[in-house]
Amino acid sequence: MLAAVNKRVAQLNKDGLPKGVEIKAYYDRTWLLDKTLKTVFTNLVEGALLVTFVLLLFLGNLRAAAIVAVIIPLSLLGTFLGLTWLGIPANLLSLGAMDFGIIVDGAVIVLENVFRRLSELHGRTLSPRERMNEILSAAVEVGRPTLFSMLIIIAAHIPIFTLQRHEGRIFAPMAYSVTGALVCSLIFSLTLVPLLCYLLLRKNLSEKENVLVRWCKGVYRPALEWALDRRKWVVAVSALALAASLALVPRLGTEFLPELNEGSIWINVPLHPSTSVSEARSELKKIRDAIAHIPEINTIVYKSGRPEDGTDPKLVSMAEILVDIKPESEWKRKITKQQLVKEMDAALDRLPGVQASFSQPIRDNILESISQIDGQIVVKIFGGDLNVLREHAQGVLSAIADVPGVARAMIDRQGELPQELIQIDRAQAARYGLNIVDIQDVIETVLGGREATVIWEGEKKFGVVVRVPPNQRSLTQLRDILLTAPNGTIIPLASVASFKTIGGAMNIARENGGRVMAIGVFIEGRDMGSVVADMQERVAKQIKLGEGYSMSWSGEFENQERAMKRLSVIVPISIFLIFILLFDAFKSFKSAALILLNIPFALIGGILALYLLGIPLSVSAAIGFIALFGQAVLNGVVMVSHFNQLKNAGMSPEEAVVQGSLTRLRTVLMTGLLAMFGLLPMALSSDIGSETQKPLAVVVIGGLISATILTLIVLPTLYMIFEQRY
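Let me begin by describing the structure that accompanies this report.

Cut-offs applied
Residues numbered from 1 in each chain as written. Predicted model: local features only at pLDDT ≥ 70, side-chain atom pairs only at ≥ 80, totals over all residues. Heavy atoms only, no water. Helix = DSSP H or I, 4+ residues; strand = E, 2+ residues; numbered from the N terminus. Buried < 20%, exposed > 50% of the residue type's maximum accessible area, 1.4 Å probe, protein only. Contact = heavy atoms within 4.5 Å. Expected span 1.5 Å × (residues − 1). Phe/Tyr/Trp six-rings, centres within 6.5 Å; stacked < 30°, edge-to-face > 60°. Axes fitted to C-alpha atoms, helices over the stretch in contact; angles between N-to-C directions. Parallel < 35°, antiparallel > 145°, perpendicular 65-115°, else oblique. Left-handed = near helix turned anticlockwise from the far one by under 90°. Nonpolar A, V, L, I, M, F, W, Y, C, P; charged D, E, K, R; others polar. Pairing = 2+ DSSP bridges. Arc of directions from axis to C-beta. Salt bridge = Lys/Arg side-chain N within 4 Å of Asp/Glu carboxyl O. Core = buried A, V, L, I, M, F, W, Y, C linked by side-chain atoms within 4.5 Å. Patch = residues over 30% accessible without salt bridge, like charges linked within 9 Å, V, L, I, M, F, W, Y side chains within 5 Å. Areas by Shrake-Rupley, 256 points an atom, 1.4 Å probe, with all protein chains shown as cover.

Re the overall build of the protein
Here is step 1: Helices and strands together make up the secondary structure of the protein, namely 26 helices and 15 strands.
Here is step 2: Structurally, the protein occupies a C-alpha span of about 120 × 65 × 50 Å along its principal axes.
Here is step 3: Per-residue burial over the protein gives 49% buried out of 726 residues.
Here is step 4: Of the contacts formed within the protein by residues at least 6 apart in sequence, a portion of 79% connects residues at least 24 apart.

This is the structure we're talking about:
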């Protein structure tokens, strides 16, 4: 779209405009799109390379690592085909949370089992048919766990599809892309991976495990035996760690979404309600000059009022300024964008009467689309009497203005506008034989002008508007405008009309059929949830609304509350669906319940990671926990299924746990590390476009650290407890 617009503008500049006239774009999102896509694909490439490195590190075989690595581009290709069919573009929203480590988990499980079975042949030479049967047997052995594990990860993403409005539009593309990639990966894992193993793993594999795996087993076995000897103590410590992490949740703070750096700054400046067009132009020029000296600024464009098509209905007193800043690579000073905004704010504070609020172009549009009010948090008061609404709004403003974290709070379009009331004396007009419409036409012609005729120039026509000169267009001189009565009498307008100045409300807003007055709030230096909680507490203590009056909290806070409320209902349903899949896979309530216990223990690392890094709990972080649930269950399925296989083969429960844990150690470590390293570039990135996905990556990485450790230590312990008691 943007390329087509730029191409058409270039054509107009070349052929379609008069000499000396040129269309020049002052705001173009092409740069932002290119920058975010570069960030996304850089993270994807780095993640894929890290995933391949981990595979090579644990398998010690380049061909085996290549078999899994080839699933990455094939799954990505299938994802692109699915997104194209659904009409979803490849961008930050759809590809930003793609974790190749999770995508290849199914392939890793199948390959690792084939690799292990071939390594255990002790150098015995197999015929092609025997090798095929061995690979097929190894693939079938883990085929059912792999199928259900990937289905469970897909089921874990179901809550994302249920999100509504803004959060739904933001995260649904991600859910479609991840689900599509998982489906493709599952198909390739059960079909292509065994085939590639047959074609590429023809030589005898080393009978010995590599140094890393041997070292991991050497550390793991004593730790596992120690835990199995102290089962109650291990479970108690794990439960205590879970309780401690849950106690940290209220300290995290909450927000809707992290703010994306758009590379531009949008300034809203409310001028005096009665500001004229010429005065607004003069004030905005002063504002522009006040910040134009800052070297990081590239272009400043200001506007006030609304366009001719009425698509952005605002008063002349509601001024907006776009500040296009240079790319950070061209900045000569070592400052951040936040410091740049503070410098601009300080410069504008020196101008009398200027109270500026800073945002970004896309963010400003989103905030206005949520509640039609300028502000991250919007408090709306509903009622019938404007004076009472104004009194309550002023009370709310006084109560919340000094709440820590409130950078700016203001009543939306407060104040009165001076109005000139021209009241026609109908009796006096009738005495002179004048029609009311004729008098109104004269007033309209004098002040606004009226089209008198049309001039044609070739195929173009132009209306000719008649109006008095600007120096005679004042209301004072309007009194002396002469009217001609039907009998030829000439009289001044003042003879049939009275003139007086009155005050009128700047804005009378209505919502759902009732009057409403709103307070917009911008926050800074504190999470949104804590600020709203403090504001609500103060308002509840200080403001008492009468009968027929009500209050609501809107803005980004409304989006966050709606998303979290919906997830609180859908996520338990999704977990129950996962339980049904587990029960169907194992035909055992005990095994299904045991594997589900991995989910709460995965929360420990995710919560702790958010707390240590100072990242509030947002919708993005909540999506990270949803993705984490599926990965945590996958490792449980891999472990418990092998425990059951060994037990059914005649081993005692303790032997099955020790042997099965050591056998599946490499698989669990690989799947966990692959998922972590796949998201590591996203968690460490500070480029434009990484802000919204970083909480998701941090939650998954932190959660997988605790989930992997607890899967290897606590899960075998719980398995033994369940075997003894049930």
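Observations regarding the environment of Ala509
Here is step 1: Looking at the element boundaries, Ala509 is found in strand S13 (residues 509-511).
Here is step 2: Of the residues examined, Ala509 reaches a relative accessible area of 22% and is grouped as partly exposed.
Here is step 3: Residues within four places of Ala509 in sequence aside, it is in contact with Gly514, Arg515 and Val516.

Here we look at helix H23 (residues 598-613)
Here is step 1: The end-to-end C-alpha distance of H23, which contains 16 residues, comes to 24 Å, matching closely the 22 Å that a straight helix rising 1.5 Å per residue would cover.
Here is step 2: Buried within H23 are the following residues: Asn598, Ile599, Phe601, Ala602, Leu603, Ile604, Gly605, Gly606, Ile607, Ala609 and Leu610.
Here is step 3: Those residues of H23 that are buried are in contact with helix H12 (231-252), helix H21 (556-586), helix H22 (589-596), helix H24 (619-648) and helix H26 (694-725).

A look at the packing of aromatic side chains
Here is step 1: Using the criterion set out here, one finds 4 aromatic pairs in the structure.
Here is step 2: For the pair Phe579 and Phe583, a centre-to-centre distance of 6.5 Å together with 25° between the ring planes defines the contact as stacked. With Phe579 and Phe583 both in helix H21, this residue pair falls 4 residues apart, about one helical turn.
Here is step 3: Among the aromatic residues, those joined into a cluster by ring pairs are Phe579, Phe583 and Phe589.

Structural notes on the packing of helix H16 (residues 386-400) against helix H20 (residues 528-542)
Here is step 1: Between H16 and H20, the least distance of the axes is 9 Å, while the angle of their chain directions is 130°. With respect to H20, the axis of H16 lies oblique. Relative to H20, the crossing made by H16 is right-handed. Residues Val396, Ala399 and Ile400 of H16 form the contact with H20, whose participating residues are Met535, Arg538, Val539 and Gln542.
Here is step 2: Of the residues assigned to the contact of H16 with H20, the class counts are 5 nonpolar, 1 polar and 1 charged.

Quick word on the pairing of strand S1 (residues 264-270)
Here is step 1: Of all 7 residues in S1, 6 are buried; the element is thus mostly enclosed.
Here is step 2: One ladder, built from 7 bridges, connects S1 with strand S3 (residues 318-325); its direction is antiparallel. Among the inter-strand pairings, Ile265 is bridged to a residue of S3, identified as Val323.

Digging into the pairing of strand S9 (residues 460-466)
Here is step 1: Here strand S8 (residues 450-457) runs beside S9; their pairing, made up of 7 bridges, is antiparallel. Paired with Trp456 across the strands is Lys461, a residue of S9.
Here is step 2: Counting the residues in the hairpin turn of S8 and S9 gives 2 residues, including Gly458, whose phi is positive at 65°.

Description of helix H13 (residues 277-291)
Here is step 1: A rise of 1.5 Å per residue sets the reference length of H13, with its 15 residues, at 21 Å; its end C-alpha atoms lie 22 Å apart and thus fit the reference within 8%.
Here is step 2: Of the positions making up H13, those classed as buried are Ala280, Leu284, Ile287, Ala290 and Ile291. Considered in projection along H13, the buried side chains sweep an arc of 110° and stay on one side of the axis.
Here is step 3: Those residues of H13 that are buried are in contact with S1, strand S2 (297-304), S3 and helix H14 (337-349).

Points about the pattern of salt bridges
Here is step 1: Inspection of every chain in the model, using the stated rule, returns 9 salt bridges.
Here is step 2: Residue Lys303 pairs with Glu320 through a salt bridge whose shortest N-O separation is 2.6 Å. One end of the pair, Lys303, is in strand S2; the other, Glu320, is in strand S3, and 17 residues separate them in sequence.
Here is step 3: Put simply, Lys541 and Glu537 hold a salt bridge, and the shortest N to O gap is 3.5 Å. Of this pair, Lys541 and Glu537 both sit in helix H20, 4 residues apart, which is roughly one turn of the helix.
Here is step 4: Residue Glu537 is classed as partly exposed on the basis of its relative accessible area, which comes to 43%.

Describing the side chain of Thr663
Here is step 1: Mapping Thr663 onto the fold places it in helix H25 (residues 653-684).
Here is step 2: Setting aside residues up to four positions removed in sequence, Thr663 forms contacts with Glu112, Arg116 and His642.

Things to note about the packing of helix H11 (residues 211-229) against H25
Here is step 1: Running from N to C, H11 and H25 cross one another at 135°; their axes reach a closest spacing of 10 Å. On the basis of their axis angle, the class for H11 and H25 is oblique. In the packing of H11 onto H25, the handedness of the crossing is right-handed. Each of Val213, Cys216, Lys217, Tyr220, Arg221, Leu224 and Leu228 in H11 lies in contact with H25, whose residues at this interface are Val657, Val658, Ser661, Leu662, Leu665, Arg666 and Leu669.
Here is step 2: Classifying every residue of the contact of H11 with H25 by side-chain character gives 10 nonpolar, 1 polar and 3 charged.

Some words on the side chain of Asn644
Here is step 1: Looking at where Asn644 falls in the secondary structure, it is placed in helix H24.
Here is step 2: The class for Asn644 is buried, based on a relative accessible area of 15%.
Here is step 3: Excluding its chain neighbours within four sequence positions, the residues that come into contact with Asn644 are Phe586, Ser591 and Tyr719.

Let's talk about the nonpolar core
Here is step 1: Counting residues in hydrophobic clusters, the biggest one holds 164 residues, and the most contacted among them are Ile519, Met535 and Leu582.
Here is step 2: Every residue in contact with Ile519, bar those within four places of it in the chain, is listed here: Ile377, Val378, Val379, Ile381, Ala393, Val396, Leu397, Ile400, Met410 and Ile411.

Examining a nonpolar patch on the surface
Here is step 1: A grouping of Trp85, Leu86, Phe161 and Tyr176 is seen on the molecular surface, where their side chains present a nonpolar patch of about 470 Å² in accessible area.
Here is step 2: Judged by relative accessible area, which is 74%, Trp85 ranks as exposed.

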